[in-house]
Every structure is written in C-alpha cells, then in structure tokens.
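Here's the letter readout for the chains.
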Amino acid sequence: VCPISPKAIVSDACASYSTLERLNRNVKPALDDLTRTTDFFSHYRLNLFHKKCPFWNDENGMCGNIACAVQTLDNEEDIPPVWRASELGKLEGPLAKHPGKTTQREEPRRPLRGGLGEGVGESCVVEYDDECDERDYCVPEDESAASKGDYVSLLQNPERFTGYAGDGAKQVWDAIYRENCFQKTSFPHSDSLGVGSQAQGPAAMDFKAVIEAAGRQQVLEQQRQENPMTPFVAKTGFEHEDECLEKRVFYRVISGMHASISTHLCWDFLNQTTGQWQPNVDCYVNRLHTHPERISNLYFNYALLTRAIAKLGPYLSQEDTYRFCTGDPEQDATTRAKVLAVIEKASSVPQIFDESLMFKNGEGPSLKEDFRNRFRNVSRLMDCVGCDKCRLWGKLQTAGYGTALKVLFEFDNNSPEIPVLKRTELVALFNTYARLSSSLEAIQHFREMVQERDAAG
Ligand code: FAD
C-alpha cells in the first residue's frame, strides 16, 4: 500500500480505487460479522415516526408503497436485552449522566469519562434529551426510555429499492445540496431558517446546474486519473475553483452518501415484472457509472470512515473506556472482540485521510461552526424523507457520518481526552461503514457486469 500523502485530500493522492478495494476485501468480512451477528450492532433505536419535518409540510411527499414500510419491534420480548427500555432504564441515575456542555467547556483536556461515575461505560449512558452537544455534527437520536423511540432490527429492514421518488425525494436532495452553499461570511443558522432562507436566493436556485457542470468538468479529470481522492471542485455560485478544502469535503460527504444510497437501491432492485430482487445494471449506469465523480465521492467517504474508525481504535479497545452493555459478560466480550477485529483491519493501512489539514488555514477556522451547523441541518432534513425505510437508513447514515466528523474534527490526536460516544452514534458509525463497504463491493460487480454487457455487444 502506498503511504498516503498528508495532502491526500488537497492534491492528488496515491490512494487509488484498487488500494481501497483491497482494504475493503480485508475489512468487509469482519464488518459484516459485527453488524450482522451481534445484537448491539444489528439494532437501532431512533425516533422514526414522531418528528415532523422542520422545514416544510411533508404530507404530500409520503410514500404509500409497501417497500417503504419499516417493521418496528413493538413487543419488548422481540427486542434484544441490550436495547430494551427496561435495560436502558437501569442505567439511569445521578451518576450516569452524559457529560454536558459545562463539563466539556470547563475541562476540555480531561478524559470526559471522569463525569460518568465508576462502572458506567459511555456507550451505556442514557441520553436524557435531544439536545446537541456542542461538538455534535448531527441531531442526536434520543435513547432515553421516556422518549418516543422506535426499535428496529437493521437486518429485517435492509436498505434497498423502495420506489420512493418524484417531487418529495427531489425536494429533500435539493435541500441537502443547498446546505453546501457556504457563504464567505457565515450567517446565523436556526432550525427553521437554515434551509428555507437559502432556498430563496438565486444562487441557491442555480446550484444544481452549477454542480452538474462542475461534475462534467470533473469527469474528464477523473477518467484520466481514476483516483478517488482527487478533490471535487464544487462551484456554488458563491465560490470559484479555488474552493476551500472544507467546502469540498462537505460536498463530497453528501454526494458520497447519495452515491451509496443509489448503489444499494440499484443493487437490491425490485424487478416489477418478475417480482425478483436483483441488480439493475441500467440503474447503475444512469446514476453512477456515467458520473464517475459520484463514485469517487463514495470512495472518499470510505477513506474518511476508515480513518475515523482507526482513530477511535485505541479507545474502543480499552475495556474500561467503552462497554457493550449487553447484560451478559460473555456477549460483551464477543461484541468487543468483533469490534476489535474491524478496527485492526481498518488500521492496517497508513493513515488514509489527514483530518488535521482541515479548519486550519485561510478561512478554515471560521468555517467549522458553519460546517457543523450545516451538517446538523442535513440530519434534520431526514425527518422530511417521506419513506420510512429511506428515513431509517438516511437517519442512520447521517448519524454515522456525523459521528465520523465529530471523531475526526473534535478530538485532538495528541489529547488524552476520550471521545465520548453514545450507543446510537457507535452503532450508526459502524453500520455506515458497513454500507459503504457493501457499496464498494457492489460497484466492482456492477463494473464487471457493464464490461460483460459491452463485450457481448
Ligand atoms: P435522485 O437520486 O433523486 O437525485 C436527484 C438529483 O441529484 C439527480 O438528478 C442529480 O442531479 C443529483 N445527484 C444524484 N446523485 C448524486 C450524487 N451522488 N452526487 C451529487 N449529485 C447527485 N430510494 C430507494 O429506493 N431506497 C432507499 O433506501 C432510498 N433512500 C433515500 C434516502 C434519502 C435521504 C432520500 C432523500 C431519498 C432516498 N431514496 C431511496 C430515493 C432515491 O435516492 C432517489 O431520490 C429516487 O430513486 C429518484 O431518483 P432520481 O433518478 O430522480 O435521482
């Protein structure tokens, strides 16, 4: 493996598709094992039905298709003990508090674990409210027993084609991409203004066309280089080709997530004539193959998550730092061993993404809050997705990217501070990594299918 230059995300890097594909062949079996065979990582608790879209009235965008439905676990006995409200409830008490803003502000250099009390691992901590920690990149999923949470088995509700499309889906994607319209001077972000206010501006309206134009320009370069780490220059109407690194990264994360969703829906596609679930090569060609910059962004996200997981590794491997409170020591140990197996593989390449380059030079430092607020808005936009299953995976993946960004940008490599993560964040992070991992595999299969089809004339 060629060592990845510290400038990997700024200039050309040597992390090629094949480097990442080789890494993925190594990581994927362990990642699948973790997310498919442990109760802790195969279930998720989230507020799926009780939050209204904060940006517009979404009643017309609802998907009536059966494939959009999510099967929730409504009976306590169907929920693995590790996720049951009664188990979560056990941890409630004055000591089991998430360290709030005060602790973090007052004692930024101390291990945050200090505030939790003996014997309480962060991942077991019950969250009391929906409030954002100031370092969060997404709106947290509330785990408290009192909140209106829904339990879902991720295995029973695979991310695949649902038929959700049309104006409703388009409106959400448009709003997500509009969050990329950073302005030179940050403007205040509020829950209700974040998307709506930008939607009014002419620059925002032109954004899609400009992005597509930038994409076409990028295609040529991509074809020359076949290099997933090449920065994507997103022109937003506010900025030019010398677009700063942070804005490019924001765009790539969103576009890479979109590309991964498209890959899954094309890979697990319902052939409505035969009723068979099967890969749809035309779907892949139209949405991905002819847009190599989207594939490049997907690979970019894979590198980003690999780095976040490798960075968390030393903390997750300490038994007294993170606990997988299944209530059964044997199961805890098995879960931990499976987490460690993923970390070991993800750490088997030299540092693949250098987060220390971001928010450093030029307008970088002033952009951090804007970047975080915009990403939170993307996560809030998931409540506007009118298909339950798409909303489930959209929420999980924005939470996963939000966690990765938090790990990368909010925790100093040289600090003794332990990144405090909620259980939902940890589960989202590893499952998002697993989604990207299966996207990489699907893309390789699709490429072969296209080649075979072309060869057959
Ligand atoms: P869309 O995918 O809706 O794209 C809209 C426009 O965005 C495109 O015309 C193009 O200009 C641009 N674009 C497309 N891809 C990229 C990219 N990677 N980077 C940059 N720009 C891009 N459908 C399912 O079947 N299953 C799901 O699980 C699912 N999950 C979803 C989750 C979310 C959060 C959302 C908003 C939608 C989801 N959908 C899902 C719907 C799906 O993503 C598409 O919106 C739908 O299939 C219609 O596709 P489309 O061809 O109109 O283009």
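Residues numbered from 1 in each chain as written. Predicted model: local features only at pLDDT ≥ 70, side-chain atom pairs only at ≥ 80, totals over all residues. Heavy atoms only, no water.

(A) How the structure looks around the overall build of the protein. Along the backbone of the protein there are 14 helices and 4 strands. The burial tally for the protein puts 57% of its 457 residues in the buried class. Residue pairs at least 24 apart in sequence account for 81% of intrachain contacts in the protein once pairs closer than 6 positions are excluded. In the form shown here, the protein has an accessible surface area of approximately 18800 Å², with 50% of it arising from carbon and sulfur atoms. (Helix = DSSP H or I, 4+ residues; strand = E, 2+ residues; numbered from the N terminus. Buried < 20%, exposed > 50% of the residue type's maximum accessible area, 1.4 Å probe, protein only. Contact = heavy atoms within 4.5 Å. Areas by Shrake-Rupley, 256 points an atom, 1.4 Å probe, with all protein chains shown as cover.)

(B) Layout of the state of the cysteines. Using the criterion set out here, one finds 3 disulfides in the structure. Disulfide pairing is shown between Cys53 and Cys384; the S-S distance is 2.1 Å. Handedness of the Cys53-Cys384 disulfide follows from its S-S torsion of about 80°: it is right-handed. Of this pair, Cys53 sits in the loop between strand E1 (43-46) and helix H3 (85-90) while Cys384 sits in the loop between helix H12 (364-381) and helix H13 (388-410); the two residues are 331 residues apart in sequence, bridging distant segments of the chain. Take Cys53 and Cys384: they sit in the same class, and that class is buried. The side chain of Cys387 participates in a disulfide bridge whose partner is Cys390; the two sulfur atoms lie 2.4 Å from each other. Looking down the S-S bond of the Cys387 and Cys390 bridge, the torsion is 75°, so its handedness is right-handed. By relative accessible area, which is 22% here, Cys390 ends up partly exposed. (Disulfide = S-S within 2.5 Å.)

(C) Representation of the nonpolar core within the structure. Among the nonpolar cores identified, the biggest contains 107 residues, and Phe41, Tyr44, Leu312, Leu392, Leu426, Phe430 and Tyr433 are the most heavily contacted of them. Per-element tally for this core: the top contributor is helix H10 (residues 292-316), with 13 residues. (Core = buried A, V, L, I, M, F, W, Y, C linked by side-chain atoms within 4.5 Å.)

(D) The packing of helix H9 (residues 281-289) against H10, seen in detail. It is the contact of H9 with H10, at a shortest axis distance of 7 Å, that shows an interaxial angle of 85°. In this view, H9 runs roughly perpendicular relative to H10, as classed from their interaxial angle. From H9, Tyr284, Arg287, Leu288 and His289 reach across to H10, where they touch Pro292, Arg294 and Ile295. When the residues that make up the contact of H9 with H10 are grouped by side-chain class, the tally is 4 nonpolar, 1 polar and 2 charged. (Axes fitted to C-alpha atoms, helices over the stretch in contact; angles between N-to-C directions. Parallel < 35°, antiparallel > 145°, perpendicular 65-115°, else oblique. Nonpolar A, V, L, I, M, F, W, Y, C, P; charged D, E, K, R; others polar.)

(E) Here's a closer look at the environment of Arg372. As for its position among the elements, Arg372 is in helix H12. On a C-alpha basis, the gap between Arg372 and Gly402 in space is 8.7 Å, while along the polypeptide they are 30 residues apart. For Arg372, the residues in contact, after removing those within four places along its chain, are Glu134, Arg135, Asp136, Tyr137 and Glu410.

(F) Looking closely at a negative patch on the surface. On the surface, a cluster of negative charge is contributed by Asp74, Glu76, Glu77 and Asp78. Its location among the elements puts Glu77 in the loop between E1 and H3. (Patch = residues over 30% accessible without salt bridge, like charges linked within 9 Å, V, L, I, M, F, W, Y side chains within 5 Å. Salt bridge = Lys/Arg side-chain N within 4 Å of Asp/Glu carboxyl O. Lys, Arg positive; Asp, Glu negative; His and termini not counted. Charge placed at Lys NZ, Arg CZ, Asp CG, Glu CD.)

(G) Inspection of unusual backbone geometry at higher detail. Its identity is not glycine, yet Phe359 carries a phi of approximately 60°, on the positive side. Within the fold, Phe359 resides in the loop between helix H11 (329-346) and H12.

(H) Region of interest: H12. An ideal rise of 1.5 Å per residue puts 26 Å on 18 residues; H12 measures up with 25 Å between its terminal C-alpha atoms. By the criterion of burial, H12 is predominantly enclosed, with 14 of the 18 residues buried. (Expected span 1.5 Å × (residues − 1).)

(I) Molecular detail of the confidence of the model for the protein. Mean pLDDT over the protein works out to 73, with 68% of the residues at or above the 70 mark. Predicted confidence for residues 1-14 stays below pLDDT 50, and this span has 38 contacts to residues more than four positions away or in other chains. Across residues 89-131, confidence stays below pLDDT 50; counting only partners more than four residues off in sequence or on other chains, it has 90 contacts. Two numbers describe this predicted complex: its pTM, 0.80, and its ipTM, 0.99. (pLDDT = per-residue confidence, 0-100.)

(J) Seen up close, the side chain of Lys311. Along the chain, the position of Lys311 falls in helix H10. Engagement of the side chain of Lys311 in a polar contact is seen with the backbone oxygen of Phe411, the distance being 2.6 Å. In contact with Lys311, not counting residues within four places along its chain, are Glu355, Val407, Leu408, Phe411 and Asn413. (Polar contact = N/O pair within 3.5 Å; in protein donor to acceptor, adjacent residues only side chain to side chain.)

(K) Region of the structure containing helix H8 (residues 245-267). The end-to-end C-alpha separation of H8 is 32 Å, in line with the 33 Å expected for 23 residues at 1.5 Å each. Along H8, 21 of the 23 residues are buried, which leaves the element largely enclosed by surrounding structure.

(L) Structural detail: the packing of helix H5 (residues 167-178) against H12. The N-to-C vectors of H5 and H12 enclose an angle of 170°; their axes lie 9 Å apart at closest approach. By the angle between their directions, the pair H5 and H12 is classed as roughly antiparallel. On the side of H5, the interface is formed by Val172, Ala175, Ile176 and Arg178, while H12 contributes Arg374, Val378 and Leu381. Here the contact of H5 with H12 is built from residues that sort into 5 nonpolar, no polar and 2 charged.

(M) Fine view of the pattern of salt bridges. Summed over all chains, the structure comprises 18 salt bridges. One salt bridge connects Glu441 with Lys28, and the closest N-O pair in it is separated by 3.6 Å. In this pair, Glu441 sits in helix H14 (residues 423-455) while Lys28 sits in helix H1 (residues 17-37), placing the two residues 413 residues apart along the sequence. Here Asp383 ties to Lys395 by a salt bridge, and the two come within 3.0 Å at their closest N and O atoms. Within this pair, whereas Asp383 is found in the loop between H12 and H13, its partner Lys395 is found in helix H13, the two being separated by 12 residues in sequence. Accessibility expressed as a relative area gives 4% for Lys395, which makes it buried. Salt bridges sharing partners connect three or more residues here, namely Lys28, Asp32, Arg36 and Glu441.

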